[in-house]
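Per-entry structural report
Chain by chain, the residues:
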Amino acid sequence: VQLVESGGGVVQAGESLRLSCAASGSTSSIKRMGWYRQTPGSQREVVASIMLHNGAENDAESVKDRFTIDMDYARDIVFLQMNSLRSEDTAVYFCSALWGTVETGLKDSWGQGTQVTVSS
């Protein structure tokens, strides 16, 4: 599975951004997709994830009620709608996919990352 993100940029605090991540390859074997973020010197942290078989979502406490993850199942694109952005949301955002079969085993794929900068 290959992932390509888009939609990052520079915004003012309080504004919104929508990130997109298009998956290709063995997309029928994707079990979960998610968004992570990372700042220099810090570990990558999960922002939000969605299970594809039932749409169950899991959001980090720091983004609850502000960020929403959703999936376009027809086009294999996962979105992250980010509202009420804060300066602390500034990071490189990565898309991830957990995929595989019983034969291949579970694997992780990552996108190249997209920079989100929120100025106060």
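It should be noted that the structure appears before, not after, this text.
A short tour of the structure in this document, coming up. Along each chain, the written sequence defines residue order, and numbers are assigned to residues from 1. Only residues with pLDDT of at least 70 are given local features in this predicted model, and only at 80 or more are side-chain atom pairs given and counted; all residues enter the totals for whole chains, interfaces and linings. Side-chain calculation: all heavy atoms of the structure are included, whereas hydrogens and water are not.

If you trace the backbone, E45 turns up in strand β5 (residues 45-51). Remark: the alpha-carbon pair of E45 and Y93, spanning 48 residues in sequence, is separated by 9.5 Å. Each residue touching E45, except ones within four places of it in the same chain, is listed here: W35, Y36 and R37. Throughout this description, a polar contact denotes any pair of N or O atoms lying within 3.5 Å of each other; where both atoms belong to protein, one of them has to be capable of donating a hydrogen while the other can accept it, and for residues adjacent in sequence the pair is counted only when both atoms sit in side chains. Only 2.7 Å separates the side chain of E45 from the side chain of R37, close enough to count as a polar contact. Secondary structure elements are taken from DSSP: a helix is a run of H or I of four residues or more, a strand is a run of E of two residues or more, and numbering for both begins at the N terminus. We call two residues in contact whenever any of their non-hydrogen atoms come within 4.5 Å of each other.

Moving on to the sheet that holds strand β8 (residues 77-82). We call two strands paired when DSSP finds no fewer than two bridges between them. The strand order across the open sheet built from four strands is β1-β3-β8-β7, with neighbouring strands paired in antiparallel fashion. Bordering the open sheet on either side are β1 (2-6) and β7 (67-72), each of which pairs with just one other strand. Within the sheet, the average angular offset between the axes of one strand and its neighbour, ignoring direction, is 15 degrees. For β7 and β8, the ladder comprises six bridges, and the chain directions are antiparallel. When the bridges of β8 are listed, D70 appears paired with F79. Working convention: axes come from line fits to C-alpha atoms, limited for helices to the stretch in contact. Angles between N-to-C directions cover 0 to 180 degrees.

Our next topic: the pairing of β8. Partly exposed describes any residue whose relative accessible area lies between the buried limit of under 20% and the exposed limit of over 50%, with all areas from a 1.4 Å probe on protein chains only and scaled to the type maximum. Counted residue by residue, β8 has five buried out of six residues, so it is predominantly covered. In this structure, strand β3 (residues 17-24) lies alongside β8, joined through six bridges in antiparallel fashion. Bridged to L17 within β8 is M82. The hairpin formed by β7 and β8 contains four residues between the paired strands, and D76 there has a positive phi angle of roughly 55 degrees.

Moving on, we come to the side chain of R66. Looking at the secondary structure, you find R66 in the loop between β6 (57-59) and β7. Assessed through its relative accessible area of 7%, R66 is described here as buried. Polar side-chain contacts of R66 include one of 3.0 Å to the backbone oxygen of S84. In contact with R66, not counting residues within four places along its chain, are Q81, M82, N83, S84, L85, R86 and D89.

As a further point, take the pattern of salt bridges. For this analysis, a salt bridge means a side-chain nitrogen from Lys or Arg found within 4 Å of a carboxyl oxygen belonging to Asp or Glu. What the rule picks out here adds up to five salt bridges. Taking the shortest distance from any N to any O, the salt bridge between D70 and R18 comes out at 3.7 Å. A residue pair is termed long-range when its members are at least 10 positions apart, and D70 in strand β7 and R18 in strand β3 qualify at 52 residues. Judged by its relative accessible area of 26%, D70 falls in the partly exposed class. For R18, a relative accessible area of 36% corresponds to the partly exposed category.

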